[in-house]
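# Fold and contact review
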Amino acid sequence: MKRLLIIEPQLSGHHFRYLEWITSAACEIGWQVTIATDQRFREHATLTSLTTRHADRLAVYFQDFSGTQNSGGFFKLVQRETYYWKKLQITFQELNTQNTIDHVLLPFADICLYALAINPRPFGKCRWSAIAMRPVFHCHEMGLSAKKPGALTRIKELLFFRLANSPAIGKLCVIDPCLAEYVAKRRPQSRILYLQDPADINVPAVSREQARCTLGLDTTRPIVMLYGAVDWRKGVRELLEAQASLPLEQKPVVVVAGRQTQAVRTWLAGEEWQQPIRDGRLKILDRFITADEESLLFCACDAIWLGYRDHLGSSGVLWQALAFERPVIGCDEGLIGWLTRTKNLGVTVRVSDKQAVADALRTFPKTANLASGLSPLPGPDFAAHLLQAIG
């Protein structure tokens, strides 16, 4: 019987879905699974559901991962990566003394990807695998960004390839097809495995009008939704300020669905947003969104906002939009921009250009045609492919 340790300190945004799919798939094939996560998630709905469904094969271990912040700067990066590397080691040692662990999986290795490259054995001789979601060193050469890589980006690339060729790691999975292509051209024998970013394909037989009535949304105006963990990087300020600049008859309804950072929460509590909320032009759901609520929200809206700032990687929300056949308004760079343009998934905008964003909000119901050039990958299939690769 294989014993799998999944270490996931962060359960925001799409992280909890990855954890749910992988854990369920592992338990269903007979593996014993231990999840190690931060203690602030003791009451998280996903963990409660998982432990109820897989009580005989699943244990949850809570650790304190609060000793660092996701702030910028080189020295903060070094401090954060060193902190997480050490916490991974401590967590493994504490759990491995109770029951010998056969494999460790890091669903979000980006917390200390480069520290792992420098020392890829935080788990001693135990093999481990990981998913890397944030590498962007390839973006300029692959045409995803006009910005040329600097010295730090080149160092990150060297460290990434060092990790990808380490005998300590089983598989280093990536969800960016352009990164996978970049790696294949340079290191075809590396331990890199491409897995398409999955989607939760739970599309109910509910009409747009029914979904809007259930959620209490305007049934006469177009609706655009920003979905997921809501911070400044998601372009919430740019979206709402562009909406506010439009004449009343051209304003779509904007839904902001997902738990907000404190800074965004304070900003949205400002007086300027209270009238749009009262008028129904702005709907805010500042909390964890259940799977059923998520399905209704995607059914209810006309387009999905992906105008993210300084974000060159993938987005699980894009694949959710594809599953629900909803066009996107995406940023004009990175993988989101590239997929939106090349696969005709909607329209792209320069997020910093308020007029361009306003134009997209005014015209998107007429101009965004969704093509069927891509097929979303169901989460359980993603998890099955992953476990087969590391098993």
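Fair warning: this is a prediction, and the values are worked out from it, not measured in the lab.

On a regular strand, each side chain points to the face opposite its neighbour's, so the side chains alternate between the two faces of the sheet. Pairing between strand β13 (residues 328-331) and strand β14 (residues 346-349): four bridges, direction parallel. Within the sheet, the bridge partner assigned to I329 lies in β14 and is V347.

A few words on the layout of surface pockets. For the second largest pocket, the calculated volume is near 250 Å³. For the lining of the second largest pocket, the class distribution of residues is five nonpolar, three polar and eight charged.

Attention now moves to unusual backbone geometry. Even without glycine at this site, D310 takes up a positive phi of about 50 degrees. Its place among the elements puts D310 in the loop between β12 (303-306) and α12 (316-323). A positive phi angle is found at E325, which is not glycine, with a value near 55 degrees. For E325, the location among the structural elements is in the loop between α12 and β13. Residue class for E325 comes out exposed when judged on its relative accessible area of 59%.

The next subject is the sheet that holds strand β7 (residues 192-194). Ordered in space as β3-β2-β1-β4-β5-β6-β7, the seven strands form an open sheet in which the pairing is parallel. At either margin of the open sheet sits one strand with a lone partner, and together these are β3 (58-63) and β7. The mean inter-strand angle of the sheet, taken between neighbouring strand axes irrespective of direction, is 20 degrees. Here four bridges tie strand β5 (residues 127-132) to strand β6 (residues 169-174), and the two strands are oriented parallel to one another. Paired with I131 across the two strands is C173, which belongs to β6.

We now examine the pattern of salt bridges. Throughout the structure, instances matching the rule amount to 15 salt bridges. The salt bridge involving E294 is made with R17; its shortest N-O contact spans 2.8 Å. Placement of the pair is E294 in helix α11 (residues 291-300) and R17 in helix α1 (residues 15-28), with a sequence separation of 277 residues. Here R17 falls in the buried class, since its relative accessible area comes to 7%. Measuring nitrogen to oxygen at the nearest pair gives 3.4 Å for the salt bridge that ties K185 to E181. Residue K185 and its partner E181 are located together in helix α6 (residues 177-186), separated by four residues, close to a single helical turn.

One widely used convention gives an interface's size as the accessible area the parts lose upon coming together. Domains assigned within the chain are domain 1 (3-199 + 378-390) and domain 2 (208-371). The C-alpha-based centres of domain 1 and domain 2 are spaced at 28 Å. Across the boundary between the two partners, domain 1 contributes 19 residues, which contact 18 residues of domain 2. Of all residues in domain 1, R17, L144 and D197 give up the largest surface area on contact with domain 2, accounting jointly for 31% of the area buried on that side. Viewed at the interface, domain 2 and domain 1 are joined by one salt bridge. The interface formed by domain 1 and domain 2 includes four residue pairs in polar contact (both at pLDDT 80 or more). Residue assignment for the side of domain 1 that touches domain 2 shows that the elements contributing at least two residues are α1, α2 (45-53), α6 and β8 (198-199).

Reading the values: the criteria
- Residues numbered from 1 in each chain as written.
- Predicted model: local features only at pLDDT ≥ 70, side-chain atom pairs only at ≥ 80, totals over all residues.
- Heavy atoms only, no water.
- Pairing = 2+ DSSP bridges.
- Helix = DSSP H or I, 4+ residues; strand = E, 2+ residues; numbered from the N terminus.
- 1 Å grid on protein atoms, 1.4 Å probe; cavity = no way out; pocket = protein on both sides within 12 Å on 5 of 7 lines; lining within 4 Å.
- Points joined across faces, edges and corners; volume = space filled by probe spheres on them.
- Nonpolar A, V, L, I, M, F, W, Y, C, P; charged D, E, K, R; others polar.
- Buried < 20%, exposed > 50% of the residue type's maximum accessible area, 1.4 Å probe, protein only.
- Axes fitted to C-alpha atoms, helices over the stretch in contact; angles between N-to-C directions.
- Salt bridge = Lys/Arg side-chain N within 4 Å of Asp/Glu carboxyl O.
- Domains from an automatic or database assignment.
- Contact = heavy atoms within 4.5 Å.
- Buried area = accessible area lost by both parts, 1.4 Å probe.
- Polar contact = N/O pair within 3.5 Å; in protein donor to acceptor, adjacent residues only side chain to side chain.

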